There are 2 protein chains.
Amino acid sequence: MNIGEIAKRAGVSRSTVSYALSGKRPVSDETREKIQRVIDDLGYRPNASARALANGRTSTIGLVFPPAGDHYTGMQLDFIGSVVEAAAAYDYDVLLSPSGVDSDRSFQRLLGERRVDGAILMEIRLQDDRVDHLIAENFPAVCIGRTAQPEGDWWVGLDHTALAAACVHYLADLGHRRIAFVNRPERLLRAGYESAHRGLDGFTKAAAERGLTARTYDCGDDAPSGQACVERILHDDPDTTALVTLNEAALGGLYRGLAHAGRHVPRDFSVTGVVAARWAETVTPQLTAADVPAAQMGRLAVELLVERLDHPDAPPRQQLLAPPISLRGSTGPAYAVGPASPGSA
Amino acid sequence: MNIGEIAKRAGVSRSTVSYALSGKRPVSDETREKIQRVIDDLGYRPNASARALANGRTSTIGLVFPPAGDHYTGMQLDFIGSVVEAAAAYDYDVLLSPSGVDSDRSFQRLLGERRVDGAILMEIRLQDDRVDHLIAENFPAVCIGRTAQPEGDWWVGLDHTALAAACVHYLADLGHRRIAFVNRPERLLRAGYESAHRGLDGFTKAAAERGLTARTYDCGDDAPSGQACVERILHDDPDTTALVTLNEAALGGLYRGLAHAGRHVPRDFSVTGVVAARWAETVTPQLTAADVPAAQMGRLAVELLVERLDHPDAPPRQQLLAPPISLRGSTGPAYAVGPASPGSA
DNA sequence: CCCATCACGCGAACCGGTTCGACGACCGGA
DNA sequence: TCCGGTCGTCGAACCGGTTCGCGTGATGGG
C-alpha cells in the first residue's frame, strides 16, 4: 500500500500523487479527485519513515525527562500531558526519552540518529552538560527550567527564587519568626537541580533579610520522608512555626508529621510552598502556595520549540513565570509557642 | 555524515560498512577496525528513518494514553515511567499518543503511517473500538486492562472485580454493615471504563453476598469532588461507616470530607480501596488498600509486547494481577453509630 | 496562422540505510 | 598444476516517499 500502488490505480505517476497530497504544485481537480478516491478506497497513509528520510523532518519532538528514574512527581505528569497535547495541535508526535541510567545513550539515539526534529528538556540543572551539548550543536531545543547562564538559550522557567522569597515574606508578615525549608532530596541538590538551588537561595536570602531564624532540610520525594523530615525539624527547633516546601511528593508526609507531633495546621503551624494546584488541593487544610502552572509551561515550551523549528535563525526566546500565591487554608498568624519564644523581637 | 561518507574515508564500500556494523556478514578484523576508527572520529550514527525505511522496523513502540485528556492520575504517570524504562532496556523508544480529542487521527498516525512497531494501550473500555480495530488488523499491541471479551487478546490487567470484592469482605469482617463505593467520574463509567465497571460489579456483588447495605457513587478525579462526594454519602445515609474507592485522585478530598463531617478515620469511619502504594501513603492515616502495581504492569506490558514483536505468530498471552490488601491505618472495626443502627442484624 | 505562455503531468534522481548475488583472492587437496 | 571452496568485499537494487527539470497539449494574442 505505497504511493506507487496509488499511482498505478489512479493511472498517474507517483509524483503526481505526491503533489496532489502536498499541494506543492497545482494538480487539476479531475486528477486530484481521482487520486483521492483511490486513497479513500484503500485507506492509504504515507509511510512516515520514508517521508522523514526524503524531506529531513520527522515531525516528532523529543521529551527528555528526569535522570531521576526512580521517582516521578505529579508535576512531571502535568508537563508530559500538556506537552503531548500541545504538540499534537502542531502535528508533532512526542518521543519520550529517559535520560535515566544512561543519559548519553538515549541522547545519542534522539539526536545522533535523527529521530526527532527538536527536543524539550525537563529537570534542568544549573550546570547541565545536556544543555551545553545541545547549545554547542545548535540543536533546536527548549528547556523547562534554566541553567546558571541561561541568557542565550531557549527556555520557559519558573522564578523559584522569587517564589520561595514570596513565601518567606508572606510568613514573616504573618508574624512567623522561626521557619524551615523543605527541599528536594539531597541527591538532586548535589546534582545541581535548578529549582532546588534557586528555591533554597530565595528562601535563605529572604529569611536573612527579614531577620528570621531559618533552617533548611533535604527531603526524599515521598510521604514517609516528609514525615521524617518534620520530625527532624521539630527536634532541631521545637519552636519552629512554619515551613516552606518545594517538595510536592512529600507534602502528605509533612502534614502527617505535623499531626503526629500534635501541631494543628494552621493554628499552631503554617505550611506553604511552591506546588501545583492539583496537589495543593489534596491535603487538608488545602495548601496556600504558589501554584506551579505546569500545563501552561508545557504548552509554552512546545510553542517556543515550534517557533524555533519554523525559524531556525530566530533569536532565543524565554519565558519566566512567577505565579502569585494562592491563599488556601494552610497558613495563619503565628502565636508565641513554647517557653523560648516570648523573648524574641 | 552518512554511511557513504564513512565508506569513502575508510576506503571501502557502503555495504561493507553496513555489514561491519550489523555483523550480518563476516568482515575482516582489519577492515572492521579501520571502519570503527572513522566512525569514532566522526561520531557517526546511522539515520533512524533510513534504517526504518529499509528494514521495516522503527524500534519504537506507541503508548496510547487516555481519552481523558483533561485529567491525569498518578497511576498513569507510573505506567508511563515504567513503560519507558522497560522499553529502553529492549532498545525501543516510546512514542506518546494522546487518543484524546481526536482518537482516530492520532491512531492513524501511529499505525497507518507506520511510526511504531507495536503499541501499548492504557485505559481500556469494556467495549473498545480501538482494541477491536487493532485485533482486526492483527496489529501487535498489548493492553493495560482488558475488554469484555479479552480471551484472544494480549493484555496485562488488574482483577478489579476481585479486588473490590476483597475490600468489601475485609470491611464486612470488621463488622461494617453500611458501606459506600466511590467510583471514577460518571463520564468514564458511561464510556465503559473497565476498572470502573468491574470494580463496581465486584463491590455490588460482594456487598449483596454479605447482606450489606451498599450505595455507589460517581466522583470526579480531583480532591474537591471527593469532598463533595463524602457529603453526598453522609447526607444519603448518615450511618454509613466505611467506603471503598478506586479513585485515587479524589482520595485527599474524601479524607477532607470525612474530617469536615467530624468523622475520625479509622475510629468512626473506615476507608479502603484500590490505589497505588505511593498515593495510599500520602494520606493520614495511610490507606489500607490493594496496591496497584503500576510499575510492574508497565514492565510486563513491554515484555509481552516485545515477545509478540519477536514472535509474530506466538499465541496470545495475558497476565491478571490481584495484589493483596496492604494493611495500613485507615480501617478499623465498626461500632454502632447514630440512632438507626442498633436495630440491624 | 504562428508562436509564446501556461497548466499539468511525467520520469529520474535523491534521501541513507539494508540486503542479495556475484566476483576475485587465497587456500588446500588431488 | 588445476580445481573447488571459503572468505571478504563490492555493486546494484530496493524501501517509499519528495522534488527538480522538462515535455506536451491547450490556449490566446498579435
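Predicted, not measured: the structure shown is a model, and the values here were computed from it. (Residues numbered from 1 in each chain as written. Chains lettered and ligands numbered in written order. Predicted model: local features only at pLDDT ≥ 70, side-chain atom pairs only at ≥ 80, totals over all residues. Heavy atoms only, no water.)

Residue and element names in this part refer to chain A. With respect to the helices and strands, the residue Arg267 is situated in the loop between α12 (251-260) and β9 (270-275). Taking C-alpha positions, Arg267 is 39 Å from Phe65, a pair spaced 202 residues apart along the chain. With sequence-adjacent residues up to four places away left out, Arg267 is seen in contact with Pro333 and Tyr335. (Helix = DSSP H or I, 4+ residues; strand = E, 2+ residues; numbered from the N terminus. Contact = heavy atoms within 4.5 Å.)

On to the relation of the copies chain B and chain A, then. Between chain B and chain A, the superposition needs a rotation of 180° and an axial shift of 0.0 Å, giving an RMSD of 0.1 Å. The relationship between the two copies is best expressed as a two-fold rotation axis. When the interface residues of chain B are mapped onto chain A, 100% of them are again interface residues, pointing to one common binding face. (Least-squares fit on C-alpha atoms with pLDDT ≥ 70 in both.)

Before going further, it helps to examine the packing of aromatic side chains. The tally for this structure, following the rule as stated, stands at three aromatic pairs over all chains. For Arg146(A), the ring lying beneath its charged end belongs to Trp155(A), and the centroid distance is 5.5 Å. (Phe/Tyr/Trp six-rings, centres within 6.5 Å; stacked < 30°, edge-to-face > 60°. Lys NZ or Arg CZ within 6 Å of the ring centre and 35° of its normal.)

Considered domain by domain, chain A is made up of domain 1 (3-46), domain 2 (60-158 + 294-323) and domain 3 (160-292). Computed over C-alpha atoms, the centres of domain 1 of chain A and domain 2 of chain A are 37 Å apart. (Domains from an automatic or database assignment.)

Taken together, the neighbourhood of DNA strand C is formed by 28 residues, with Thr16(A), Ile3(B), Arg14(B), Tyr19(B) and Arg25(B) sitting nearest. Near the protein, meaning within 4 Å, the atoms of DNA strand C are sugar or phosphate in a fraction of 49%, with bases accounting for the rest. Those elements giving two or more residues to the surface near DNA strand C turn out to be α2 (14-22) and α4 (48-55) of chain A together with α2 (14-22) and α4 (48-55) of chain B. Here the residues of the surface near DNA strand C sort into twelve nonpolar, ten polar and six charged. (Near = heavy atom within 4 Å. Nonpolar A, V, L, I, M, F, W, Y, C, P; charged D, E, K, R; others polar.)

The environment of DNA strand D is formed by 28 residues, the closest being Ile3(A), Arg14(A), Arg25(A), Thr16(B) and Thr31(B). The contact atoms of DNA strand D, taken as those within 4 Å of the protein, divide so that sugar and phosphate hold 50%. Arg51(A) places a side-chain nitrogen or oxygen 3.2 Å from a phosphate oxygen of DNA strand D. Contact between DNA strand D and Ser15(B): a base oxygen at 3.0 Å from a side-chain N or O atom of the residue. Breaking the surface near DNA strand D down by element, the ones donating at least two residues are α2 and α4 of chain A together with α2 and α4 of chain B. (Polar contact = N/O pair within 3.5 Å; in protein donor to acceptor, adjacent residues only side chain to side chain.)

The partner chain A presents 50 residues to the 50 residues of chain B that form the contact. For the pair chain B and chain A, the summed buried surface comes to about 4500 Å²; carbon and sulfur atoms form 54% of the total. On the surface where chain B and chain A come into contact, there are eight salt bridges. The residue Arg109(B) makes a salt bridge to Asp91(A) at a minimum N-O spacing of 2.7 Å. The interface formed by chain B and chain A includes 20 residue pairs in polar contact (both at pLDDT 80 or more). For the side of chain B that touches chain A, the elements supplying multiple residues, two or more each, are α4, β1 (60-65), α5 (74-89), β2 (93-98), α6 (103-112), α11 (223-236), α12 (251-260) and α13 (277-280) of chain B. (Buried area = accessible area lost by both parts, 1.4 Å probe. Salt bridge = Lys/Arg side-chain N within 4 Å of Asp/Glu carboxyl O.)

This prediction gives chain A a mean pLDDT of 92; 94% of its residues lie at or above 70. Below pLDDT 50 for its whole length, residues 338-345 of chain A participates in three contacts with residues either more than four positions away or in separate chains. (pLDDT = per-residue confidence, 0-100.)

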